[in-house]
Amino acid sequence: MMLRFLISLVCLLSALAQAPTGTVTGRITDPTGAVLPGAEVTVKNLDTNRAQRVTANAVGEYTVPFLAPGRYGMEASLKGFRSYRVIEFQLAAVLVQLLDVQLEVGAVGEAITVTEAPPVLNTDSGTRGEVITKEEITDIPLAGRNFNDLAFLTGGVIPKGDGGYGSFAVNGARADNTGFMLDGMNNTQRRNTGAVINPPIEGVQEFKMITSGFNAEYGRFAGGMLTVVTKSGSNRFRGSLYEFLRNDFWDAMGYFDGTQAKLRRNQFGATLSGPVIKDKTFFLFTWESLRLVDGKRQRGIVPLPENLRGDFSRARDAVGRPLAIVDPLDGRRPFPGNQIPVSRLDPVGVKLASYFPAPNLTGSANNYIAAGDGTTSNNNLGVKIDHNLSERDRLTGSVFWRPNAAFDPLVSGRSPIALFGLTNNTNDVLAYLKYLRTVRPNFYVELSANFSRKTNNQLWPGSAEKDWAAEVGFQGTTKNPIARGLPQVDAAGYIPLGPPYDHPKIWAFNNYQYAGTATLICLAIGY
């Protein structure tokens with residue numbers, strides 16, 4: 001008995017990076033269901049007029065890969081049959097659009113026109129996730145305009161735990177086991193697996209939160225993968241200009257704030273895209289800036305002014321009973337009048353204690369409320385160029401960068417005195433260059449190079465002013481001007497003093513990525 005089998009497969013000769021592109025595939029038949037090899041299929045981007053042409057193979061199947069997300073039209077034709085046209089359909093990243101075609105007998109000049117494409121069904125892989133389109137990104141309100149928050153619309157994705165690294169916890173995995181990609185390039189920073197760059201929301205075409213079943217090129221993380229696709233220019237100029245404003249004028253005062261906390265949040269930007277050379281070269285420029293003043297409040301307990309002079313005559317415990325201050329050098333007898341002689345006070349301790357602020361709150365167990373204004377100023381910018389070198393060659397280059405300056409006056413878990421607040425001035429960068437060559441209609445080669453850099457420069461700005469430790473009496477401490485400061489002092493029951501002991505935190509991580517991918521769409525026939 002003779003067996004005949006036909007196997008249509010995609011051979012990935014090298015798959016070091018996953019391009020964030022879509023694919024159109026299908027089978028061409030006649031009205032009886034017989035396959036039509038040799039039919040010509042053209043898929044055209046309606047925004048850039050770039051067309052890709054392939055020929056159906058021996059079993060009537062065709063595949064058009066490496067299509068940028070966007071609006072497309074499709075036409076299939078064969079001598080002796082009417083042409084078949086799909087006027088417009090939307091193609092998403094990392095998805096396969098199945099378009100099976102049935103050609104009817106007739107003149108080539110006649111055509112069957114289809115105005116609606118079938119829905120996308122993923123029948124080619126076990127990958128699970130959710131594609132968030134540009135319409136959803138634009139229409140859904142987002143506090144802070146961070147599109148990453150939309151990842152929580154995907155099943156199995158929850159916020160990270162308090163104090164944890166990373167961004168999302170996916171299907172029970174640790175939050176630092178989620179990776180990020182931007183236009184197919186590595187966008188994961190190695191310090192805590194957060195994203196290096198979050199491009200302005202107006203510059204994002206769509207993104208996909210992949211939660212399970214992802215391919216090997218995504219296999220470095222046990223959780224999920226967030227892959228982002230940025231917009232590209234087209235033959236039409238498009239742009240936007242916007243500002244989002246928040247102000248404490250419209251806010252109620254917090255119940256525990258004591259006074260109205262200041263809030264001035266201005267988030268503004270612009271995006272412009274269009275052609276440099278029609279049908280050939282296109283550009284995208286996207287920009288967003290944030291200017292933020294955010295008032296903070298924190299309650300705590302500070303010593304009474306007389307306590308700092310050794311006078312504890314008014315000292316009481318939590319239920320209001322008088323406290324006796326005993327002398328450990330005199331058989332633990334109480335000090336007369338609950339007053340410690342000035343001569344018994346350590347001069348270093350006296351100088352340290354002078355940094356305690358005076359009480360400013362009554363009617364509460366806490367007698368002090370700290371207030372400070374945090375500030376953030378950043379500029380998020382991106383430039384992207386797409387150039388069709390020829391009908392077979394496409395070049396894409398892009399750079400995104402984000403300088404940021406921030407000040408936190410009340411560092412969580414540390415001294416709430418604004419004097420000891422921290423600054424963090426950073427500059428994050430991601431740049432890449434990609435080249436795609438269509439060697440044959442069924443053979444593609446893609447080369448890419450990517451560089452990204454994530455920095456942190458968190459320190460106490462007062463360090464450079466003077467030798468704080470030596471001034472209060474500590475000797476032998478560091479003389480490094482970026483690390484000098486008071487020691488962190490924790491007195492039981494009172495707020496801490498001094499800048500955070502584990503700062504400065506200064507680091508920079510560079511990522512370099514070089515990738516080559518050869519894709520062969522081949523037909524194997526055996527008997």
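Residues numbered from 1 in each chain as written. Predicted model: local features only at pLDDT ≥ 70, side-chain atom pairs only at ≥ 80, totals over all residues. Heavy atoms only, no water.

**With respect to the overall build of the chain**
Spelled out, the test is: Helical segments are the DSSP runs of H or I of at least four residues, strand segments are the runs of E of at least two, and each set is numbered from the N terminus. Relative accessibility thresholds used throughout: buried, under 20% of the residue-type maximum; exposed, over 50%; partly exposed, between the two (1.4 Å probe, protein chains only). The contact definition used throughout considers only heavy atoms, calling two residues in contact when any of these lie within 4.5 Å.
Looking only at helices and strands, the chain has 3 helices and 27 strands in total. With respect to the three principal axes, the spread of C-alpha positions in the chain is 115 × 55 × 45 Å. Looking at the chain as a whole, 45% of its 527 residues are labelled buried. In the chain, the share of contacts with a sequence separation of at least 24, taken over all contacts with a separation of at least 6, comes to 68%.

**Let's talk about the nonpolar core**
The criterion, for reference: Here, nonpolar core means buried Ala, Val, Leu, Ile, Met, Phe, Trp, Tyr and Cys residues that are tied together by side-chain atoms lying within 4.5 Å of each other.
The biggest cluster of nonpolar side chains holds 28 residues, and the ones touching the most others in it are Ile28, Val43, Tyr62, Met74 and Phe89. Counting residues per element, the ones that place at least two in this core are strand E2 (22-29), strand E3 (40-45), strand E5 (61-67), strand E6 (70-77) and strand E7 (83-91). When neighbours within four sequence positions are excluded, methionine 74 is seen to be in contact with Val41, Thr42, Val43, Tyr62, Tyr84, Arg85, Val86, Phe89, Leu99 and Val101. Counting residues in each nonpolar core, the second largest holds 24 residues, with Phe168, Val170, Val204 and Phe400 among its members.

**Observations regarding the packing of aromatic side chains**
To describe a pair of aromatic rings, one takes the distance between the centres and the angle between the planes. Rules: Only Phe, Tyr and Trp rings are paired, with Trp represented by its six-membered ring, and only when their centres lie within 6.5 Å; those with planes under 30 degrees apart are stacked, over 60 edge-to-face, the remainder tilted. In our convention, an over-ring charge means Lys NZ or Arg CZ found within 6 Å of a ring centre and within 35 degrees of that ring's normal.
Using the criterion set out here, one finds 16 aromatic pairs in the structure. Measuring from ring centre to ring centre gives 5.2 Å for phenylalanine 451 and tyrosine 512, while their planes differ by 45 degrees; the resulting arrangement is tilted. In this pair, phenylalanine 451 sits in strand E26 (residues 443-459) while tyrosine 512 sits in strand E27 (residues 505-526), placing the two residues 61 residues apart along the sequence. Ring plane angle 55 degrees and centroid distance 5.0 Å describe the contact between tryptophan 460 and tryptophan 468, whose orientation is recorded as tilted. We classify tryptophan 468 as buried; its relative accessible area is 5%. The ring of tyrosine 242 has arginine 145 sitting right over it, with the charged end atom 4.7 Å from the ring centre. Above the ring of tryptophan 468, the side-chain terminus of lysine 466 is found at 4.4 Å from the ring centroid.

**Let's talk about the environment of valine 489**
The topology assignment puts valine 489 in the loop between helix H3 (468-472) and E27. By relative accessible area, which is 25% here, valine 489 ends up partly exposed. Along the sequence, valine 489 and proline 499 sit 10 residues apart, while their C-alpha atoms lie 9.2 Å from each other. Residues contacting valine 489, with those up to four places away along its chain left out, are Leu352, Pro496 and Leu497.

**Let's talk about the pairing of strand E4 (residues 51-55)**
Put simply, the test is: In short, DSSP must find at least two bridges between two strands for them to pair.
Across 5 bridges, E3 lies against E4 in antiparallel orientation. Residue pairing in the sheet places valine 41 in a bridge with valine 54 of E4. Adjacent in sequence and paired antiparallel, E3 and E4 are bridged by 5 residues, among which asparagine 49 carries a positive phi angle near 65 degrees.

**Remarks on unusual backbone geometry**
Here the bond from histidine 503 into proline 504 is cis, since omega is 15 degrees, no more than 30 degrees from zero. Structurally, proline 504 is set in the loop between H3 and E27. For asparagine 49, which is not a glycine, the phi torsion comes out positive at approximately 65 degrees. With respect to the element layout, asparagine 49 can be found in the loop between E3 and E4. Unusually for a residue other than glycine, phenylalanine 66 sits at a positive phi of about 55 degrees. Within the secondary structure layout, phenylalanine 66 lies in strand E5. Phenylalanine 66 sits in the buried class, given a relative accessible area of 9%.

**A closer look at the pairing of strand E14 (residues 179-182)**
Burial along E14 is two-sided: Gly179 and Met181 and Phe180 and Leu182, pointing in opposite directions, are all buried. Two elements, E14 and strand E17 (residues 225-230), share 4 bridges in a ladder whose sense is parallel. From the neighbouring strand, methionine 181 faces E17, where its bridge partner is threonine 227. Counting the residues that bridge the hairpin from E14 to strand E15 (residues 185-186) gives 2 residues, and of these aspartate 183 lies at a positive phi of roughly 55 degrees.

**Topic: the pattern of salt bridges**
Formally: Between Lys or Arg on one side and Asp or Glu on the other, a salt bridge is scored when a side-chain nitrogen of the former is within 4 Å of a carboxyl oxygen of the latter.
Tallied over the full model, the rule gives 22 salt bridges. Across the pair aspartate 47 and arginine 71 runs a salt bridge whose closest N-O atoms are separated by 2.8 Å. You can see aspartate 47 sitting in the loop between E3 and E4 and its partner arginine 71 sitting in strand E6, a full 24 residues away along the chain. One salt bridge connects arginine 264 with aspartate 248, and the closest N-O pair in it is separated by 2.1 Å.

**Some details on the environment of alanine 169**
Along the polypeptide, alanine 169 turns up in strand E13 (residues 168-170). Separated by 160 residues in sequence, alanine 169 and leucine 329 place their C-alpha atoms 56 Å apart. Contacts of alanine 169, omitting those with residues within four sequence positions, involve Gly156, Val157, Ile158, Pro159, Lys160 and Ala175.

**Details of the side chain of glutamate 306**
Our working definition: The definition of a polar contact used here is a pair of N or O atoms within 3.5 Å, where within protein one atom must be able to donate a hydrogen and the other to accept one, and adjacent residues in sequence count solely through side-chain atom pairs.
Secondary-structure assignment places glutamate 306 in the loop between strand E20 (281-300) and strand E21 (326-327). One polar contact links glutamate 306 to arginine 314, side chain to side chain, over a distance of 2.5 Å. Not counting chain neighbours up to four residues away, the residues in contact with glutamate 306 comprise Asp311 and Arg314.

**What about the environment of aspartate 490?**
Relative to the elements of secondary structure, aspartate 490 occurs in the loop between H3 and E27. For aspartate 490, a relative accessible area of 56% puts it in the exposed group. Sequence separation of aspartate 490 and lysine 262 is 228 residues, and the distance between their C-alpha atoms is 29 Å. Among the polar contacts made by the side chain of aspartate 490, one reaches the side chain of glutamine 488 at a distance of 3.5 Å.

**Details of a nonpolar patch on the surface**
Put simply, the test is: Two joining distances apply to patches: 9 Å for like charges and 5 Å for nonpolar side chains (Val, Leu, Ile, Met, Phe, Trp, Tyr), and every residue must have over 30% relative accessible area and no salt bridge. Areas reported here follow the Shrake-Rupley algorithm with a probe of radius 1.4 Å; residue values treat only the protein chains shown as occluding.
On the surface, a nonpolar cluster with roughly 290 Å² of combined accessible area is contributed by Phe237, Leu272 and Phe285. Here leucine 272 shows up in strand E19 (residues 263-277). With relative accessibility at 40%, the residue leucine 272 sits in the partly exposed group.

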